There are 2 protein chains.
Amino acid sequence: MDKVRVIEIKKSVLENNERAADLLRERLKARKICLLNLMSSPGSGKTITVIRTIENLKNEMRIGVMEADIDSDIDAVKVAETGVRAVQLHTGGMCHLDAGMTQQGLNEIGIEDLDLVILENVGNLVCPAEFDTGATLNVMILSICEGHDKPLKYPLMFSKVDVMLINKIDCAALFDFDLDKVQAYARKLNPDLEIFPMSAKTGEGFDAWVDWLRRHVTDVMI
Amino acid sequence: MDKVRVIEIKKSVLENNERAADLLRERLKARKICLLNLMSSPGSGKTITVIRTIENLKNEMRIGVMEADIDSDIDAVKVAETGVRAVQLHTGGMCHLDAGMTQQGLNEIGIEDLDLVILENVGNLVCPAEFDTGATLNVMILSICEGHDKPLKYPLMFSKVDVMLINKIDCAALFDFDLDKVQAYARKLNPDLEIFPMSAKTGEGFDAWVDWLRRHVTDVMI
């Protein structure tokens, strides 16, 4: 297949990222576009989650994907195989995206004809939580391989997101992961957190997440 | 058990981290102390690797551990149960340690009577690779749950370390992880990289890593 477009993102020169993020979010809401910022550690299953989400929803809404990575274009190539528009954003070594960098990506992908734009952030459980991208919806993935103690060690991420997907539950037998504990730790930081245990590989539990996202995007579009 | 000591690390005011790191490394080498900086994504198995390494070597050399995290003291408490001296470093939200922050930790733990100091860095595959801590030995862990494509996406980390431990090989049957590919990708970035596939949980493959580290620390001590 053709290579996807790779965009070299420039470091933002914004002095006030929070203000820029609020402005971007207001513009997106006015246009009835959902911008989903997906965050997690490296290897938690962001790309496979994006692909399964697209397969479930691409006939109901218009979806575009921005894959952010320090290097390579393998994720955008994989996502483009679903048939949706995908671009690869290279962050030039940067460990996160902010609102200015996100806006650069949106300018390149073009959002006028989209209902849902998914931004797969750099794999990092720390820095992306510190920078508001301007997204209208923030989602994180924790895979059960990472352990249920992660909300205790990386509290900011768990307190900032709207949704936590708990991935790789098909491997639960091999890992000492306590689903009740992780939910209790996370909800202590973030009482309104939506939580969906699932496997993006087998599809187990995935419908609940897709149903929730469908309702959310439909609410935005109305 | 008693709670371990938690040290709130201050942000460094160093203008030249590389120079500070080189000076720290020279001082450690002059005192015949190995400072091992251990880096990985969250949940790759750093703490269990530290504990199994200690159990193997604590009767042969004097070991101290600094556990760096944004929050909590659970890792330092676990490590202290092995009987070695352990402190918890809180980074105050910072996503990495630099040489100045590492020096603060070393001042607190006290290194005069130690042969090997293990610094468990913040779980992050991006930022810790950008900041030289002054360590004499840099080691990373990649768990097979994270996927064999990680050297393509996070090249700096793989190019900076002396050793790559490939953890959780006991779970290999469940994951589509290509051991040959990851080694080829990593060695392309770093031809001299030492690689040890292992399971810190079952102990499979662990002896090769411990034997290598024993020889390395003994060489430093002479």
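On a predicted model such as this, the values are computed, not experimentally measured, just so you know. (Residues numbered from 1 in each chain as written. Chains lettered and ligands numbered in written order. Predicted model: local features only at pLDDT ≥ 70, side-chain atom pairs only at ≥ 80, totals over all residues. Heavy atoms only, no water.)

Caption draft 1: Fine view of the overall build of chain A. What chain A contains, in helices and strands, is eight helices and eight strands. Computed over its C-alpha atoms, the radius of gyration of chain A comes to 16 Å, within 12% of the 17 Å expected for a compact globule of 222 residues. Here the C-alpha coordinates of chain A stretch approximately 45 × 40 × 35 Å along the principal axes. Expressed as a percentage of its 222 residues, the buried residues of chain A come to 62%. Restricting the contact set of chain A to residue pairs at least 6 apart, pairs at least 24 apart contribute 76%. (Helix = DSSP H or I, 4+ residues; strand = E, 2+ residues; numbered from the N terminus. Rg over C-alpha atoms; globule rule 2.2 N^0.38 Å. Buried < 20%, exposed > 50% of the residue type's maximum accessible area, 1.4 Å probe, protein only. Contact = heavy atoms within 4.5 Å.)

Caption draft 2: Layout of the relation of the copies chain A and chain B. Note on the copies: chain A fits chain B at an RMSD of 0.0 Å, the axial shift is 0.0 Å, and the rotation between them is 180°. As the rotation angle and translation indicate, the two copies are arranged about a two-fold axis. Both copies share a contact surface, since 100% of the interface residues of chain A are interface residues in chain B too. (Least-squares fit on C-alpha atoms with pLDDT ≥ 70 in both.)

Caption draft 3: Looking closely at helix α8 (residues 206-221) of chain B. Residue and element names in this part refer to chain B. For α8, which comprises 16 residues, the first-to-last C-alpha distance of 22 Å matches the rise-based estimate of 22 Å (1.5 Å per residue) to within 8%. Looking only at α8, the buried set comprises F206, W209, V210, W212, L213 and V217. With its buried residues spanning 160° around the axis, α8 presents them on a single face. Residues of α8 that are exposed and point more than 90 degrees away from the buried face comprise D207 and D219. (Expected span 1.5 Å × (residues − 1). Arc of directions from axis to C-beta.)

Caption draft 4: How the structure looks around the nonpolar core. Counting residues in each nonpolar core, the largest one holds 91 residues, and the members touching the most others are A:M66, A:L89, A:M164, B:M66, B:L89 and B:M164. When near neighbours in sequence (up to four residues on either side) are disregarded, A:M164 contacts A:M140, A:L142, A:F158, A:V182, A:A186, A:L193, A:E194, A:I195 and A:F196. (Core = buried A, V, L, I, M, F, W, Y, C linked by side-chain atoms within 4.5 Å.)

Caption draft 5: Just the sheet that holds strand β2 (residues 34-40) of chain B, in detail. Residues and elements named next belong to chain B. Pairing within the open sheet is parallel, and its eight strands lie in the order β1-β4-β3-β5-β2-β6-β7-β8. The open sheet has two edge strands, β1 (5-8) and β8 (194-197), and neither has a second partner. Ignoring strand direction, the axes of neighbouring strands in this sheet form an average angle of 20°. Where strand β3 (residues 63-69) meets strand β4 (residues 85-90), six bridges bridge the pair, whose relative direction is parallel. By the bridge assignment, V65 is partnered in β4 with A86. (Pairing = 2+ DSSP bridges. Axes fitted to C-alpha atoms, helices over the stretch in contact; angles between N-to-C directions.)

Caption draft 6: Molecular detail of the pattern of salt bridges. Scanning the model with the defined rule gives 26 salt bridges over all chains in all. As a salt-bridge pair, A:D132 and A:R25 come within 2.8 Å of each other at their nearest N and O atoms. With A:D132 in the loop between β5 (116-120) and β6 (137-143) and A:R25 in helix α1 (residues 17-30), this residue pair connects regions lying 107 residues apart in the sequence. Among the ionic pairs, B:K153 bridges to B:D149, the shortest N-O distance being 3.5 Å. Connected through salt bridges with shared partners, the residues A:D75, A:K78, B:D149, B:K150 and B:K153 form a single ionic network. (Salt bridge = Lys/Arg side-chain N within 4 Å of Asp/Glu carboxyl O.)

Caption draft 7: Just the state of the cysteines, in detail. With the rule as written, the count across this model stands at zero disulfides over all chains. Left unpaired, A:C95 is separated from the closest cysteine sulfur, that of A:C127, by 3.5 Å. The closest cysteine sulfur to the non-disulfide-bonded A:C127 is located on B:C127, 3.3 Å from its own sulfur. (Disulfide = S-S within 2.5 Å.)

Caption draft 8: The interface of chain A and chain B, seen in detail. The interface of chain A with chain B comprises 33 residues on the first partner and 33 residues on the second. In this assembly, chain A packs against chain B so that about 2500 Å² is buried in total across both faces, 61% of it on carbon and sulfur atoms. When the area that chain A buries against chain B is broken down by residue, the three leading residues are A:P42, A:K153 and A:L174, summing to 23%. On the surface where chain A and chain B come into contact, there are two salt bridges. The partner of B:D75 in a salt bridge is A:K153, with the nearest N and O atoms 2.7 Å apart. The interface formed by chain A and chain B includes nine residue pairs in polar contact (both at pLDDT 80 or more). Among the elements of the structure, α3 (74-80) and α5 (150-153) of chain A are those that each provide at least two residues to the side of chain A that touches chain B. (Buried area = accessible area lost by both parts, 1.4 Å probe. Polar contact = N/O pair within 3.5 Å; in protein donor to acceptor, adjacent residues only side chain to side chain.)

Caption draft 9: Local environment of the packing of α1(A) against helix α4 (residues 99-109) of chain A. Residues and elements named next belong to chain A. Contact geometry for α1 and α4: axes closest at 8 Å, N-to-C directions at 35°. Facing α1, whose interface residues are N17, A20, A21, L24 and R27, α4 presents A99, G100, T102, Q103 and L106. Split by residue class, the contact of α1 with α4 holds five nonpolar, four polar and one charged. (Nonpolar A, V, L, I, M, F, W, Y, C, P; charged D, E, K, R; others polar.)

Caption draft 10: Quick peek at the packing of aromatic side chains. Throughout the structure, instances matching the rule amount to six aromatic pairs over all chains. Aromatic pair A:W209 and A:W212: ring centres 6.2 Å apart, planes at 15°, arrangement stacked. In this pair, A:W209 and A:W212 are both assigned in helix α8 (residues 206-221), three residues apart and thus about one turn of the helix distant. Across this residue pair, the class does not change: A:W209 and A:W212 are buried. Centroid distance B:F196 to B:W209: 6.2 Å. Interplanar angle 55°. Geometry classified as tilted. (Phe/Tyr/Trp six-rings, centres within 6.5 Å; stacked < 30°, edge-to-face > 60°.)

Caption draft 11: Summary view of the sheet that holds strand β2 (residues 34-40) of chain A. Residues and elements named next belong to chain A. Across the sheet, eight strands lie side by side as β1-β4-β3-β5-β2-β6-β7-β8; this open sheet has parallel pairing. Edge strands, defined here as strands with exactly one partner in the open sheet, are β1 (5-8) and β8 (194-197). With direction set aside, neighbouring strand axes in the sheet form an average angle of 20°. Relative to strand β7 (residues 163-167), helix α7 (residues 179-189) is tilted by about 160°, and along the sheet it contacts β6, β7 and β8.

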